[in-house]
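For reference, the chains in residue letters:
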Amino acid sequence: MLKDRISEGVYAVISDLYFEVTAGFIITPEGVILIDSFPFPSEAREFKKAVLKETSLPIRYLILTHYHADHSLGSYLFEEAEIIAHEKTRTLLRTEGAKRLAEAKRQNPDLEEARIVLPHITFSGEMYLYLGGKHLRLFELPGHSPDSIAIFIEEGGILFAGDLVMPIPYLADGDVDTMIASFESLKELNIEQLVQGHRGVLLRGEIPGVLDENINYLKAIKAKVSKAVEEGLPLEKVLEIDVEDCGKSRIVMGNMTNYIHRANLAALYRALTGSDAR
Ligand SMILES: [Zn+2]
C-alpha cells in the first residue's frame, strides 16, 4: 500500500490489492481518527502498522464513508476505535453487508476470520467531530450508495469524498439524479485536496474539471439510456453504449472502467424500465 502525507497530520493510504481503494488517517495530539478500513484482513493489518509507524497515540475513532465491504470490512481489526457512520450504514451493514460477507467467505478463504462490526455512533444530516485541534464535518453525500457520507477537515480544506468520487462514477446501489446533485454540491465547498474513494488524491486545480467531467458523464448516460428505453431497445443494446461517447476515457480506471460503465448502464435501464434485468 502507498502512504501519502497530504497535509499536517493527514494521510491518504492507497491499496495495491483492491482497485486502489483509498482510506486515510488523521493524527491529532489527542489521538488518531481513521477513515475507512480496507477489505482484506492482510491490508487492514498493514494499514494499522502504517498508522503505528507515525504515532503511538491511540486510535480513537474510525469513520466509515459507507457500508461497502472494500471500505468497511477491516473494521473488526480496530477494536480500540469507536466507529462512526451514517445511521443507514449501520442498517445496511447489518442486512446487506452481512449477507454479502457470507457469500464472499465461500469464495475467499482469506475472509474466514472477518466479521461485521456495527457502528457505535451514527448520525443523519451532518455531525461535527472535534479532536486535538482538528475540526471535522461529516455530511451526507449520497448517489453511489444511499448511506454515503463525506468528511471535510476544516484545517487544510481536505475532503474525503468516499466513493462518490472515483475515476469513473459508479452508481452501485445509488441513484443518478442524487449523484449529480451531490457532485454539484461539492462545487460550493472550498476544497484544497480531495481524497477519492479509489485512486487517491486530487489537487485544487484539478477538482473543478473532474467534478464537471463526472456530472457530464452522468448526464450523458442518463440521456442515452433514456433515449434507448424510449425506442424500446433491449438491455443488450443499451450495454453497447460506448464509454468514450459519454465523455470518459476507456482507460481511466484500467479494466474496471468498462465493468463500472456497463453496471451503470444496467442500473439506469432497470430504474427507467422498472425491470430487474441484469
Ligand atoms: Zn462503494
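Treat the numbers as computed from the prediction; the structure is a model and nothing was measured. Each chain carries its own residue numbering, running from 1 in the direction its sequence is written. Restriction of local features to residues with pLDDT of at least 70 applies here, the model being predicted, together with a cutoff of 80 or more for giving and counting side-chain atom pairs; totals for whole chains, interfaces and linings are based on all residues. Values reported for side chains reflect all heavy atoms of the structure, with hydrogen atoms and water molecules removed beforehand.

A.B. asks: Mind showing me how you'd approach the packing of aromatic side chains here?
C.D. replies: Stacked, tilted and edge-to-face are the three classes assigned to paired rings of Phe, Tyr and Trp, where Trp is represented by its six-membered ring and a pair needs centres within 6.5 Å; plane angles under 30 degrees give stacked, over 60 edge-to-face, the rest tilted. What the rule picks out here adds up to seven aromatic pairs. Relative to phenylalanine 19, the ring of tyrosine 18 has its centre 5.0 Å away and its plane inclined at 80°; by these criteria the two rings are edge-to-face. Residue classification places tyrosine 18 among the partly exposed residues on the basis of a relative accessible area of 28%. Every member of this aromatic cluster is reached through a ring pair, and the members are Tyr11, Phe25, Phe38, Phe47 and Phe78. For the exposure calls, accessible area comes from a 1.4 Å probe over protein chains only, and a residue counts as buried if that area is under 20% of its type's maximum, exposed if over 50%, partly exposed in between.

A.B. asks: Which parts of the structure should I look at to understand the sheet that holds strand 11 (residues 158–160)?
C.D. replies: Sheets are built from strands paired through backbone hydrogen bonds, the pairs being either parallel or antiparallel. Judged by pairing direction, the sheet is mixed, and its six strands sit side by side in the order 8-9-10-11-12-13 without closing on themselves. Every interior strand has two partners, whereas the edge strands, strand 8 (126–131) and strand 13 (201–203), have only one. On average, adjacent strands in this sheet sit at an angle of 20° to one another, irrespective of strand direction. For two strands to be treated as a pair, DSSP must find no fewer than two bridges joining them. Elements are defined by DSSP. Helices are runs of H or I of four residues or more, strands are runs of E of two residues or more, and each kind is numbered from the N terminus. As paired elements, strand 11 and strand 12 (residues 193–195) share three bridges and run parallel to each other. Bridging across to strand 12, leucine 159 finds its partner in leucine 194. Each axis is a line fitted through C-alpha atoms, and for a helix only the stretch in contact is used; angles between axes span 0 to 180 degrees, taken between their N-to-C directions.

A.B. asks: Just to check I follow, could you spell out the side chain of threonine 65 for this structure?
C.D. replies: By the secondary structure assignment, threonine 65 is in the loop between strand 5 (59–63) and helix 2 (69–72). Overall, threonine 65 belongs to the buried group, its relative accessible area being 2%. By the criterion applied in these results, polar contacts are pairs of N or O atoms within 3.5 Å in which, for protein atoms, one can donate a hydrogen and the other can accept it, and in which residues neighboring in sequence qualify only through two side-chain atoms. Within the structure, threonine 65 has its side chain in polar contact with the side chain of histidine 66 (distance 3.0 Å).

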